[in-house]
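Each chain, written out:
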Amino acid sequence: MELTPKQIVRELDRYIIGQEEAKRAVAVALRNRYRRAQLPDEVRREIVPKNILMIGPTGVGKTEIARRLARLVDAPFVKVEATKFTEVGYVGRDVESIVRDLVEASIRICKEQAAEKVKTRAQVLAEEKIIDLILHPNRKPQNPIDMLLGNQRPQQEPAPSEEERRRLTGRADELRERLRHGELEDTEIQVEVEEAPQEVEINGASVSIGTIMGDMMPKKTRMRRMKIRDARRVLEAEESQNLIDMGEVKDEAVRRAEQDGIVFIDEIDKVAGRSAQGGPDVSREGVQRDILPIVEGTTVNTKYGPVHTDYILFIAAGAFHVSKPSDLIPELQGRFPVRVSLKPLTRADFKAILSQTDNALTRQYAALLGVDHVHLSFDDSALEVLAEAAEEENATKEDIGARRLHTLFEKVLEDISFNAAGDMPDVEVAINGAYVREHLGEDAKKMDLKRYIL
């Protein structure tokens with residue numbers, strides 16, 4: 001059952017405070033994908049996504065909205081910064097790398113889902129391989145070159161007798177039972193592992209030599225001693241890779257990138273600007289014109305095949321403090337018909353972020369310090385002072401939105417984090433407003449002084 005727009009907004013509310021206009025816009029965009037998928041082919045081909053332009057200061061939730069939206073439906077997602085791209089011929093990234101990165105994200109999703117389907121079978125095969133390695137610790141692996149040439153390794157062990165086979169079967173059953181009860185986790189065995197292929201840098205990106213050469217070169221392996229708990233993970237991954245049909249994974253990944261992909265282009269305001277006289281605006285306009293074909297709809301060649309960008313959802317965002325959306329070239333403006341404004345965060349918003357969201361910093365730090373037996377709690381006065389401090393800091397310094405809370409938390413909890421240790425007994429620490437003010441130091445004094453400035 002696909003989520004309705006109201007359900008999507010409710011899910012986003014768990015992590016993002018306020019910004020209702022932006023949440024409604026992305027919820028409708030996501031639902032329209034589902035609606036489009038239900039239509040006949042001839043109608044579906046004519047319907048393209050209505051791309052979204054988010055306008056608002058940093059740290060108010062623009063990126064988080066797009067990222068959470070993609071997670072809701074397991075959609076391929078990439079975030080790029082417009083300032084990283086330049087015109088062809090200049091130093092910078094090629095804009096087509098956006099689509100290649102999106103396909104790689106789609107490959108990861110599809111591969112993980114395919115691995116989950118074969119997980120049980122991979123676990124059984126890995127377990128059998130571990131048992132075989134314990135029973136035959138001196139058996140040497142086949143040389144990859146011999147395997148490539150079809151040469152068979154000479155038989156190193158004579159065929160076991162009937163009695164020996166029964167003994168090995170009984171021993172294998174005993175080992176299987178002990179493995180399943182976790183009794184052999186610290187036992188060391190020798191495992192043949194694949195060596196990571198060497199990487200080279202091409203156009204600023206790291207590319208594996210194995211990827212370039214395809215299947216022409218045999219994989220290099222080496223023997224490693226490791227505990228069974230680690231060997232199990234390596235062998236399960238290896239067996240899973242052997243069981244997955246990568247052809248199907250690649251086809252599905254390309255389809256999902258084309259039909260469900262979401263690209264978030266941040267700092268679009270930094271490349272806004274048009275000029276006929278030359279200067280920096282010419283370069284900015286060049287970046288816009290490079291981005292335009294991807295957003296309009298084109299075909300990009302990737303190592304997994306051609307990818308069409310016509311139905312990818314693009315969400316662009318920028319603060320637009322200096323420039324305006326109208327400073328973008330008209331063609332690019334027309335490709336972002338849905339525009340939403342995000343509001344700066346207030347003191348009430350900061351307090352809600354600390355207390356109402358599922359990923360609240362209060363919960364995160366409580367969980368982190370709980371590892372060292374420190375049980376944190378924050379009363380209402382602490383949240384009030386933290387929210388007030390975040391608002392004041394953003395007003396008097398650079399406005400970095402909710403990211404300001406991370407700075408304040410590190411300052412307030414620095415002593416506790418430093419002194420906490422795993423060997424200490426359980427301790428309850430209640431954080432109140434007085435504690436926060438004391439540990440904010442100079443910042444707290446500035447907050448107090450401001451009350452007396454007329």
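This text goes with the structure placed above it.
Remember, predicted model here, so these are calculated numbers, not experimental data. (Residues numbered from 1 in each chain as written. Predicted model: local features only at pLDDT ≥ 70, side-chain atom pairs only at ≥ 80, totals over all residues. Heavy atoms only, no water.)

A. Region of the structure containing the overall build of the protein chain. If you tally the helices and strands in the protein chain, you get 20 helices and 13 strands. Relative to its full complement of 454 residues, the protein chain shows a buried share of 38%. Long-range contacts, defined as pairs at least 24 residues apart, comprise 78% of the intrachain contacts of the protein chain with a sequence gap of at least 6. Here the protein chain has roughly 26200 Å² of accessible surface; of this, 50% comes from carbon and sulfur atoms. (Helix = DSSP H or I, 4+ residues; strand = E, 2+ residues; numbered from the N terminus. Buried < 20%, exposed > 50% of the residue type's maximum accessible area, 1.4 Å probe, protein only. Contact = heavy atoms within 4.5 Å. Areas by Shrake-Rupley, 256 points an atom, 1.4 Å probe, with all protein chains shown as cover.)

B. Summary view of the sheet that holds strand E2 (residues 77–81). Read from one edge of the open sheet, five strands run E2-E7-E10-E1-E11, paired in parallel fashion. Of all the strands in the sheet, the pair left with one neighbour each is E2 and strand E11 (338–341). Strand after strand, the sheet turns through a mean of 20° between neighbouring axes, direction not considered. In terms of strand pairing, strand E7 (residues 262–266) meets strand E10 (residues 313–318) through four bridges, oriented parallel. Bridging across to E10, Ile262 finds its partner in Leu313. (Pairing = 2+ DSSP bridges. Axes fitted to C-alpha atoms, helices over the stretch in contact; angles between N-to-C directions.)

C. The side chain of His439, seen in detail. Tracing the backbone through its elements, the reader meets His439 in helix H19 (residues 433–440). Within the structure, His439 has its side chain in polar contact with the backbone oxygen of Tyr435 (distance 3.0 Å). (Polar contact = N/O pair within 3.5 Å; in protein donor to acceptor, adjacent residues only side chain to side chain.)

D. Focus on the layout of surface pockets. Computed from the structure, the second largest pocket encloses a volume of approximately 780 Å³. Secondary structure elements with two or more residues in the lining of the second largest pocket: helix H4 (62–72), helix H14 (347–355), helix H15 (361–370) and helix H17 (403–412). Looking at the lining of the second largest pocket residue by residue, the classes come out as 13 nonpolar, eleven polar and ten charged. (1 Å grid on protein atoms, 1.4 Å probe; cavity = no way out; pocket = protein on both sides within 12 Å on 5 of 7 lines; lining within 4 Å. Points joined across faces, edges and corners; volume = space filled by probe spheres on them. Nonpolar A, V, L, I, M, F, W, Y, C, P; charged D, E, K, R; others polar.)

E. Representation of the packing of helix H5 (residues 97–117) against helix H11 (residues 246–260). Direction vectors running N to C along H5 and H11 enclose 130°, while the axes themselves pass 8 Å from each other. When the axes of H5 and H11 are compared, the pair comes out oblique. For the crossing formed where H5 meets H11, the hand is right-handed. Packed against H5, whose contacting residues are Leu102, Val103, Ser106, Ile107, Ile109, Cys110, Lys111, Gln113 and Ala114, the element H11 presents Met246, Val249, Lys250, Glu252, Ala253, Arg256 and Ala257 at the interface. (Parallel < 35°, antiparallel > 145°, perpendicular 65-115°, else oblique. Left-handed = near helix turned anticlockwise from the far one by under 90°.)

F. Structural view of a negative patch on the surface. A surface patch of negative charge is lined by Glu410, Glu414, Asp415 and Glu438. In this fold, Glu414 is placed in helix H18 (residues 414–419). By relative accessible area, Glu414 is classed as exposed at 52%. (Patch = residues over 30% accessible without salt bridge, like charges linked within 9 Å, V, L, I, M, F, W, Y side chains within 5 Å. Salt bridge = Lys/Arg side-chain N within 4 Å of Asp/Glu carboxyl O. Lys, Arg positive; Asp, Glu negative; His and termini not counted. Charge placed at Lys NZ, Arg CZ, Asp CG, Glu CD.)

G. Inspection of the packing of aromatic side chains at higher detail. Applying the stated rule across the entire model yields two aromatic pairs. The interplanar angle of 25° and the centroid separation of 5.2 Å between the aromatic rings of Tyr365 and Phe409 together place this pair among those described as stacked. Here Tyr365, found in helix H15, pairs with Phe409, found in helix H17; they are 44 residues apart in sequence, far enough to count as distant. Given a relative accessible area of 10%, Tyr365 falls into the buried group. On the basis of relative accessible area, Phe409 is assigned to the buried category, the value being 1%. Between the aromatic rings of Phe378 and Phe409, the centroid separation amounts to 5.7 Å while the plane-to-plane angle is 50°, which identifies the pairing as tilted. (Phe/Tyr/Trp six-rings, centres within 6.5 Å; stacked < 30°, edge-to-face > 60°.)

H. Quick look at the pairing of strand E3 (residues 188–194). Burial along E3 is one-sided: the residues Ile189, Val191 and Val193 are buried and none of Glu188, Gln190, Glu192 and Glu194 is. With seven bridges connecting them, E3 and strand E6 (residues 221–227) associate as antiparallel partners. The residue bridging Gln190 from the neighbouring strand is Arg225, located in E6.

I. Up close: the nonpolar core. Core analysis: the biggest nonpolar cluster contains 57 residues, and Met54, Ile315, Leu376, Leu413, Ile416 and Ile431 have the highest contact counts within it. When residues in this core are grouped by element, the largest group, seven residues, is from helix H16 (residues 380–396). Those residues in contact with Leu376 that lie beyond four places of it in its chain are Tyr365, Ala366, Leu369, Leu413, Ile416, Val429 and Ile431. Formed by 41 residues, the second largest nonpolar core is a distinct cluster that contains Val95, Val271, Val307 and Ile312. (Core = buried A, V, L, I, M, F, W, Y, C linked by side-chain atoms within 4.5 Å.)

J. Looking closely at the packing of H16 against H17. Their axes nearest at 10 Å, the elements H16 and H17 cross at an angle of 125°. It follows from the interaxial angle that H16 and H17 lie oblique. As H16 packs across H17, the resulting crossing turns out to be right-handed. Touching Leu386, Ala389, Ala390, Glu393 and Asn394 of H16 are Arg404, Leu405, Leu408, Phe409 and Val412, all from H17. Here the residues of the contact of H16 with H17 sort into seven nonpolar, one polar and two charged.

K. Here's a closer look at the environment of Arg171. Topologically, Arg171 is positioned in helix H8 (residues 162–180). By relative accessible area, Arg171 is classed as partly exposed at 31%.

L. Representation of the pattern of salt bridges. Going through the model one piece at a time under the given rule, you end up with 36 salt bridges. With a shortest N-O distance of 3.0 Å, Arg176 and Glu128 are connected by a salt bridge. One end of the pair, Arg176, is in helix H8; the other, Glu128, is in helix H6 (residues 119–135), with 48 residues separating them in the sequence. Overall, the relative accessible area of 16% leaves Arg176 in the buried class. Note that Arg289 and Glu285 form a salt bridge whose closest N and O atoms lie 3.2 Å from each other. Of the two residues, Arg289 and Glu285 are both situated in helix H12 (residues 280–296); the distance of four residues between them amounts to about one turn of the helix.

M. Structural detail: H6. Here H6 contains 17 residues, and its C-alpha end-to-end distance of 24 Å stays within 8% of the 24 Å for a straight helix at 1.5 Å per residue. Every buried residue of H6 is listed here: Ala122, Ala126, Glu127, Ile130 and Ile131. Where H6 is buried, its residues touch H8, E3 and helix H10 (228–243). (Expected span 1.5 Å × (residues − 1).)

Interpretation in functional terms is not warranted from these geometric data alone.
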